[in-house]
Amino acid sequence: MAGVVEELVKKAGGCAVIDGGFATQLEALGADINDSLWSAACLITKPHLIKEVHMQYLEAGADVIISSSYQATIPGFLARGLRQEEAEGLLRTSVHLALEARDEFWKSTLTKPKPIYNRALVAASIGSYGAFLADGSEYSGSYGDNIMAEKLKDFHRRRLQVLASAGPDLIAFEAIPNKMEAQASFRSNGRVQALVELLEEEDIQVPSWICFSSVDGKHLCSGESFGDCLQILNASEKVAIVGVNCTPPQFIEGIIREFKKQTGKAIAVYPNSGEVWDGRAKRWLPAECFGRKSFDVMARRWQEAGASLIGGCCRTTPSTIRAVSKALKGRDRALISLESSESV
Ligand code: MET
Ligand SMILES: [Zn+2]
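Residues numbered from 1 in each chain as written. Chains lettered and ligands numbered in written order. Predicted model: local features only at pLDDT ≥ 70, side-chain atom pairs only at ≥ 80, totals over all residues. Heavy atoms only, no water.

1. With respect to unusual backbone geometry
The phi dihedral of A134 falls on the positive side, at around 50 degrees, and the residue is not glycine. Position of A134 relative to the elements: it lies in the loop between α7 (129-133) and α8 (137-140). Relative accessible area serves as the criterion here: at 27%, A134 is assigned to the partly exposed category. (Helix = DSSP H or I, 4+ residues; strand = E, 2+ residues; numbered from the N terminus. Buried < 20%, exposed > 50% of the residue type's maximum accessible area, 1.4 Å probe, protein only.)

Here it is in structure tokens:
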């Protein structure tokens, strides 16, 4: 695990808390995200709301906040009539807004007599090619026969460079649906290069996490095996953390146990609420019943199963993260309040 992550996980008492659904909360604050850029449209129209969402998750106890760049892509911005420099500027803005929120929040907690928060880390989000297409392939992993690895490489490379140079603590590849994108999306001179090799080729100094999405709890969305993908990621020191996100919560415990067998890297899980996104109809379908266990109760089990970073993805909110933070760090907090009452 990279030093910064190791330190944070330790400070957090063994398990750091990741924030919750970013687009979900942006929408709750009144943003219109029904847009081909999805939440990234707010980088153009309402950057103050982006910062507000980050603040709310920090307040809720997030130790890691993820930038608003999930669906912010250079081709997406160019299609809006923006110039290349403007598109790159908006990518940097997404990281800067998260860094500003983190720094302001941290400064304010330091003025409190017994700070109960950790200084959060900022992860720059990178969504999959399917997220950019916004045609449902984000959750099927099927990019069709025409998508060549070379095209995927062109799609990812510049955004990775720009985001990494904007000063985040981590790069977060989120909801990667298939092995091709994780492994073979980067070819040059006819040689197959894995995503991890792109990180090395670009000599990205910011540690990365790579999280997959799954719709059945046993495979990536595409139907490919976690084990095959993890073998690829295990080979790189640039990848500090592996995991799953935007996957139904009832599958997470089994996935962590499977990952534990396949990797020694730190494991991050930040499932969705269990509701299912219908990418074609563009709406959420109700959660399949997963018993009476609430998200925070499950979060404890995920920690016991071996996850080092736990948060929420789509349809989870600051109240989900507050409950998760309390469940994972409740004992420490109780001790802190005991200490403070003793010192009064
Ligand atoms: C479809 S997964 C989306 C992940 C992104 N970080 C968000 O919470 O909005
Ligand atoms: Zn999600």
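Read on for the rest.
2. Focus: the nonpolar core
L26, F173, F212, F259, V269, W302 and I310 are the most contacted members of the largest nonpolar core, which has 79 residues in total. Per element, the largest residue contribution to this core is nine residues, and it comes from helix α6 (residues 84-110). Sequence-distant contacts of F173, that is, excluding residues within four places in its chain, are made with I126, L160, L195, L199, S208, W209, I210 and C211. Counting residues in hydrophobic clusters, the runner-up holds 25 residues, among them V64, Y139, A240 and Y270. (Core = buried A, V, L, I, M, F, W, Y, C linked by side-chain atoms within 4.5 Å. Contact = heavy atoms within 4.5 Å.)

3. Points about the coordination of the zinc ion (ligand 2)
Coordination of the zinc ion (ligand 2) by the protein comes from C246 (SG), C313 (SG) and C314 (SG), over a distance range of 2.2 to 2.3 Å. Geometry at the zinc ion (ligand 2) is tetrahedral, judged from the four donor atoms that bind it and their angles of 93 to 131 degrees at the metal. Considered as a linear motif, the donors of the zinc ion (ligand 2) on their single chain read C-x66-C-C. In this pair, C246 is assigned in the loop between β8 (239-245) and α13 (252-262) and C314 in the loop between β12 (309-310) and α15 (318-343), connecting sequence segments 68 residues apart. Overall, C246 belongs to the buried group, its relative accessible area being 5%. Judged by its relative accessible area of 8%, C314 falls in the buried class. (Donors = N, O, S within 2.8 Å, 3.2 Å for Na, K, Ca; no water. Tetrahedral: all angles 85-135°; square planar, octahedral: opposite > 155°, others 65-115°.)

4. Observations regarding the site of ligand 1
In the vicinity of ligand 1, the contacting residues are G21, F22, A23, W38, Y70, E138, Y139, E174, C246, C313 and C314. Here an oxygen atom of ligand 1 sits 2.8 Å away from a polar atom, N or O, in the main chain of F22. Separating a nitrogen atom of ligand 1 from a side-chain N or O atom of E174 is a distance of 2.9 Å. Elements with a minimum of two residues in the shell around ligand 1: α2 (22-28) and α8. When the residues that make up the shell around ligand 1 are grouped by side-chain class, the tally is eight nonpolar, one polar and two charged. (Near = heavy atom within 4 Å. Polar contact = N/O pair within 3.5 Å; in protein donor to acceptor, adjacent residues only side chain to side chain. Nonpolar A, V, L, I, M, F, W, Y, C, P; charged D, E, K, R; others polar.)

5. Some words on the environment of G14
Among the secondary structure elements, G14 is positioned in the loop between α1 (3-11) and β1 (16-17). Here G14 falls in the partly exposed class, since its relative accessible area comes to 36%.

6. Here's the deal with the UniProt feature "binding site: Zn(2+)" (unreviewed entry) in the protein chain
In the numbering used here, UniProt assigns the feature "binding site: Zn(2+)" (unreviewed entry) to C246, C313 and C314. These annotated residues cover 69 residues of sequence, and their C-alpha atoms lie no more than 6.2 Å from one another, placing them together at a single site. (UniProt positions renumbered as here; feature names shortened; annotations may be inferred.)

7. Observations regarding helix α14 (residues 295-305)
What α14 keeps buried is the set F295, M298, A299, W302 and A305. Each buried residue of α14 sits inside an arc of 120 degrees when the element is viewed along its axis, so together they form one side. Positioned one or two residues after α14, G306 has a phi angle of 120 degrees, which is positive. (Arc of directions from axis to C-beta.)

8. Looking at the pairing of strand β4 (residues 170-176)
With respect to burial, β4 is a largely interior element, seven of its seven residues being buried. When strand β3 (residues 121-126) meets β4, the two strands line up parallel, connected through four bridges. Among the inter-strand pairings, A124 is bridged to a residue of β4, identified as I171. By the bridge criterion, four bridges tie β4 to strand β7 (residues 208-212) in an arrangement that is parallel. In the strand pairing of β7, F173 is matched with I210. (Pairing = 2+ DSSP bridges.)

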